[in-house]
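Residue-level listing of the chains:
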Amino acid sequence: LPYLREWQMEYPETGLQIYNRPSPLCVEAVRNNKCTLGIVNIYTELLEDRQMEVIPLTNLHDVFVGGAQYKRKRRYTIEEIMLEPMLLLESGSASRIFFDELLADYQKSPDFELGSLDVLLDLLRINMGISLVPREFVEKELAEGTLVELKSSIQVPSRQVGLVRSRMAPLP
């Protein structure tokens, strides 16, 4: 967000509309010229789309987290993780696709399916279950102890966030 403030100061005559939706919907908005650029989770189908230009920006490192009741010293097994109530973002979001692909062998359905990361985090704080979220999005809560990381035997690969634009549309 500080970058947006710097941009606004440098280009005060230019407006900005922020479209906060799951990554595939943001990509569709760019493809259909409803917006010029998108900052999205990079996923396989996006990289294969010749119409879209993708510029990687940063990596995300997902971790399992839960409320304070999950504070334990030892590691959780995959079986223990799968027994817990699971809170996930809505089907079709890049985060959900990532989760579903990571744990495809376990076919875990969410106990709560949400459209907002903020609401998901609120439910985690009150011990409604666990979720897989980017560590970068919950560092403050982890430091404060309102959320705790569940150490596990699951190898979670990092994923990328990037800037996407249509090769078919000129930049303004």
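In what follows, the structure referred to is the one given above.
What comes next concerns the included structure. The model shown is predicted, which means the values in this text are computed figures rather than measured ones.

This part is about the state of the cysteines. This model, assessed by the stated rule, comprises zero disulfides. Its sulfur unpaired, C26 is 6.6 Å from the next cysteine sulfur, which belongs to C35.

The subject of this paragraph is helix α2 (residues 23-31). Those residues of α2 not exposed but buried are S23, C26, V27, A29 and V30. For α2, the angular spread of buried residues about the axis comes to 155°, placing them on one side. Here the buried face of α2 lies against β1 (37-41), α3 (44-48), β2 (52-60), α5 (94-102) and β8 (159-166). Two residues or fewer after α2 comes N33, characterised by a positive phi angle close to 60°.

Let us look at the sheet that holds strand β3 (residues 62-66). Here three strands make up an open sheet; going across it, the order is β6-β3-β7 and the pairing antiparallel. The sheet is open, and its two borders are formed by β6 (130-134) and β7 (148-149), each paired with just one other strand. Relative to β6, β3 runs antiparallel, the two sharing five bridges. Residue pairing across strands places V63 opposite V133, the latter belonging to β6. Packing of helix α6 (residues 117-125) onto the sheet brings it into contact with β3 and β6, and relative to β6 it is tilted by some 135°.

As a further point, take unusual backbone geometry. Despite not being glycine, N33 has its phi angle at roughly 60°, a positive value. You can see N33 is positioned in the loop between α2 and β1. Look at N127: it is not a glycine, yet its phi comes out positive at around 65°. Relative to the assigned elements, N127 resides in the loop between α6 and β6.

This brings us to the sheet that holds β2. Strands sit in the order β1-β8-β2 across an open sheet of three strands; the sheet is antiparallel. Looking at the sheet topology across the chains shown, the edges are occupied by β1 and β2. The average undirected angle you get between the axes of adjacent strands in this sheet is 25°. In this sheet, β8 lies alongside β1 in antiparallel orientation, the contact comprising five bridges.

The next thing to look at is the pairing of β6. Where burial is concerned, most of β6 is hidden: five out of the five residues are buried. Where burial is concerned, the two faces of β6 agree: the one with I130, L132 and P134 and the one with S131 and V133 are both buried.

Quick look at the pattern of salt bridges now. Oppositely charged side chains may form a pair once their charged atoms are brought near each other. As enumerated under the stated definition, the model contains 13 salt bridges in all. Among the salt bridges present, the one from E53 reaches R165, with a minimum N-O distance of 2.7 Å. Taken together, the residues span a long stretch of sequence, with E53 in strand β2 and R165 in strand β8 at a distance of 112 residues. Given a relative accessible area of 24%, E53 falls into the partly exposed group.

Here we come to helix α7 (residues 135-144). For an α-helix, the turn length of 3.6 residues means that residues three or four places apart are oriented alike. Buried within α7 we find V138, E141 and L142. For α7, the angular spread of buried residues about the axis comes to 105°, placing them on one side. Pointing more than 90 degrees away from the buried face of α7 are the exposed residues K140 and A143. Buried-residue contacts for α7 involve β3, α6, β6 and β7.

Cut-offs used in this document
Residues numbered from 1 in each chain as written. Predicted model: local features only at pLDDT ≥ 70, side-chain atom pairs only at ≥ 80, totals over all residues. Heavy atoms only, no water. Disulfide = S-S within 2.5 Å. Buried < 20%, exposed > 50% of the residue type's maximum accessible area, 1.4 Å probe, protein only. Helix = DSSP H or I, 4+ residues; strand = E, 2+ residues; numbered from the N terminus. Arc of directions from axis to C-beta. Contact = heavy atoms within 4.5 Å. Pairing = 2+ DSSP bridges. Axes fitted to C-alpha atoms, helices over the stretch in contact; angles between N-to-C directions. Salt bridge = Lys/Arg side-chain N within 4 Å of Asp/Glu carboxyl O.

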